[in-house]
Amino acid sequence: MNRTDDVPALTPVFELAEVSFRYPGSAREVLRDVSLQVSGGALHAILGPNGSGKSTLLRVMLGELSAQRGSVAFDGRAVGEWPRRALARRTAFVPQAEPLAFPLSVRQLVEMGRYPHVGILGRPGREDESAIEGAMARAGVSELSERSIHNLSGGERQRARIARALAQEPTTLVLDEPTAALDLRYEMETFELMSELAQTPGFTVVVATHNLNLAARYASELVLLSGGQVRATGSPPSVLTHRTVEDVYGWPVAVSSHPGPGHDEGAPQVLPLSRP
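This report concerns the structure included in the present document. (Residues numbered from 1 in each chain as written. Predicted model: local features only at pLDDT ≥ 70, side-chain atom pairs only at ≥ 80, totals over all residues. Heavy atoms only, no water.)

**A few points about the overall build of the chain**
Part 1: Secondary structure assignment for the chain yields 10 helices and 12 strands.
Part 2: Taking 2.2 N^0.38 as the reference for a compact globule, 276 residues should give roughly 19 Å; the C-alpha atoms of the chain span a radius of gyration of 19 Å, in line with that estimate.
Part 3: When its C-alpha atoms are laid out on the principal axes, the chain stretches across 60 × 45 × 40 Å.
Part 4: Burial status across the chain gives 50% buried among its 276 residues.
Part 5: Across the chain, every contact between residues at least 6 apart in sequence was considered, and the portion connecting residues at least 24 apart equals 66%.
Part 6: For the chain, the accessible surface area stands at approximately 13,200 Å², while carbon and sulfur atoms represent 51% of it. (Helix = DSSP H or I, 4+ residues; strand = E, 2+ residues; numbered from the N terminus. Rg over C-alpha atoms; globule rule 2.2 N^0.38 Å. Buried < 20%, exposed > 50% of the residue type's maximum accessible area, 1.4 Å probe, protein only. Contact = heavy atoms within 4.5 Å. Areas by Shrake-Rupley, 256 points an atom, 1.4 Å probe, with all protein chains shown as cover.)

**Remarks on the sheet that holds strand S8 (residues 204-208)**
Pairing between the strands of a sheet is mediated by backbone hydrogen bonds and can be parallel or antiparallel.
Part 1: The sheet built from six strands is open, its strands ordered S6-S7-S8-S3-S9-S10 with mixed pairing. A strand with exactly one partner marks an edge of an open sheet, and here the two such strands are strand S6 (91-94) and strand S10 (229-234). Between one strand axis and the next, the sheet turns by 15° as a mean value, whatever way the strands run.
Part 2: Both strand S9 (residues 221-226) and S10 contribute to a ladder of five bridges, which runs antiparallel. (Pairing = 2+ DSSP bridges. Axes fitted to C-alpha atoms, helices over the stretch in contact; angles between N-to-C directions.)

**Let's talk about the environment of glutamate 196**
Part 1: You can see glutamate 196 is positioned in helix H7 (residues 184-198).
Part 2: Taking the relative accessible area as the measure of exposure, glutamate 196 reaches 41% and is therefore partly exposed.
Part 3: Sequence separation of glutamate 196 and glycine 155 is 41 residues, and the distance between their C-alpha atoms is 18 Å.

**A look at the pairing of strand S4 (residues 69-74)**
Part 1: Sheet topology places strand S1 (residues 12-21) next to S4; five bridges connect them, and they run antiparallel. Among the inter-strand pairings, serine 20 is bridged to a residue of S4, identified as arginine 69.
Part 2: Sheet analysis places S4 next to strand S5 (residues 77-78), joined by two bridges and oriented antiparallel. By the bridge assignment, phenylalanine 74 is partnered in S5 with arginine 77.

**Observations concerning unusual backbone geometry**
Part 1: Cis peptide bonds are those with omega within 30 degrees of zero, and the linkage from glycine 260 to proline 261 qualifies with 5°.
Part 2: By secondary structure assignment, the location of proline 261 is in the loop between strand S11 (253-257) and strand S12 (268-272).
Part 3: Of note in the backbone geometry, glutamate 169 takes a positive phi value of approximately 55° without being a glycine.
Part 4: Structurally, glutamate 169 can be placed in the loop between helix H6 (154-167) and strand S7 (172-176).
Part 5: In this structure, glutamate 177 takes a positive phi of about 50° despite not being glycine.
Part 6: Within the secondary structure layout, glutamate 177 lies in the loop between S7 and H7.

**Digging into the layout of surface pockets**
Part 1: Quantified by volume, the largest pocket comes out at close to 450 Å³.
Part 2: Considering the residues around the largest pocket, the lining is formed by 18 residues, among which Glu64, Ala88, Ala92, Phe93 and Gln168 are closest to the centre.
Part 3: Mapped onto the lining of the largest pocket, the elements with two or more residues apiece are helix H2 (84-90), S6, helix H4 (115-118) and H6.
Part 4: Tallied by class, the residues present in the lining of the largest pocket amount to 10 nonpolar, three polar and five charged. (1 Å grid on protein atoms, 1.4 Å probe; cavity = no way out; pocket = protein on both sides within 12 Å on 5 of 7 lines; lining within 4 Å. Points joined across faces, edges and corners; volume = space filled by probe spheres on them. Nonpolar A, V, L, I, M, F, W, Y, C, P; charged D, E, K, R; others polar.)

**Some details on the packing of helix H5 (residues 126-139) against H6**
Helix packing geometry: the angle between the two helix axes and the distance between the axes.
Part 1: Following both chains from N to C, one finds H5 and H6 inclined at 140°, their axes separated by 8 Å at the closest point. The orientation of H5 with respect to H6, classified from their angle, is oblique. Judged by the sense of rotation from one axis to the other, the crossing of H5 with H6 is right-handed. Where H5 abuts H6, its residues Ala131, Ala135, Met136, Arg138 and Ala139 lie against Arg159, Ala163, Leu166 and Ala167.
Part 2: Counted by class, the contact of H5 with H6 contains seven nonpolar, no polar and two charged residues. (Parallel < 35°, antiparallel > 145°, perpendicular 65-115°, else oblique. Left-handed = near helix turned anticlockwise from the far one by under 90°.)

**Regarding the packing of H6 against H7**
Part 1: At a minimum axis distance of 10 Å, the contact between H6 and H7 shows a crossing angle of 15°. It follows that H6 is roughly parallel to H7 by the angle criterion. Pair H6 / H7 crosses with right-handed handedness. Residues Gly155, Glu156, Arg159, Ile162 and Leu166 of H6 form the contact with H7, whose own contacting residues are Tyr186, Glu189, Thr190, Leu193 and Leu197.
Part 2: A per-class count over the contact of H6 with H7 returns five nonpolar, two polar and three charged.

**Looking at the packing of aromatic side chains**
Part 1: The final tally for this structure, using the stated rule, is four aromatic pairs.
Part 2: Between phenylalanine 14 and phenylalanine 74, the aromatic rings sit 5.2 Å apart at their centres with planes inclined by 50°, giving tilted as the arrangement. A residue pair is termed long-range when its members are at least 10 positions apart, and phenylalanine 14 in strand S1 and phenylalanine 74 in strand S4 qualify at 60 residues. A single burial state applies to phenylalanine 14 and to phenylalanine 74, both of which are buried.
Part 3: Between phenylalanine 21 and tyrosine 23 the ring centres are 4.7 Å apart and the planes differ by 90°, which places this aromatic pair in the edge-to-face class. (Phe/Tyr/Trp six-rings, centres within 6.5 Å; stacked < 30°, edge-to-face > 60°.)

In structure tokens, the structure reads:
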């Protein structure tokens, strides 16, 4: 791993040491000797080509997959030692895709986020109702509460799934490719929302994404994976260099600075070039 800048150390939310993971029957390790610290109170973006291990890394961090080697800790405690319900009160996960077999309304979907607090058979109380309303408002889906999840656009459905995660009232939100197949507006709205959440005191956001340019504009810390290993980690300008991006993605690029105006002025922006 190549640490490319000097960032003051903060208390890590996730801490991985020499983690390796291989799926049953696979000839190769999806993650290999990954050491990583995710500091609290920021937006972190996990980047890398297809097959680099981004989704697997998120699931290992959350304890959904168990590493064959190495250690994974959340908030200073081995992730495997956390009771699942207790961990679900602290962390929420928005997966890349999920089947929804039943015709749920948006509100019913968001209510599912309260399961770690009330249980599957429990009845929501006043605090739960407040959390549900607050999550829908923050994700911008209050006006959609009675709509069927199946009748929403891709962007609206994604916001509803984020609202469900926020209803858990976590301190850490983890998202896997939340802007996949979304148009420009919904991509921007999703990153704006993640950035806003990360500015809440004590709140941490970790997102795996293919969008290098939006990650560079909104995340304070990037992790670049290549072949199941951490190639670089640090601030966007230190990670998304011309040489590193070309080496990892195997394609010629130009790297320029975002013109602004705004908080993202000067952020590196990657432009793929035609191959000579």
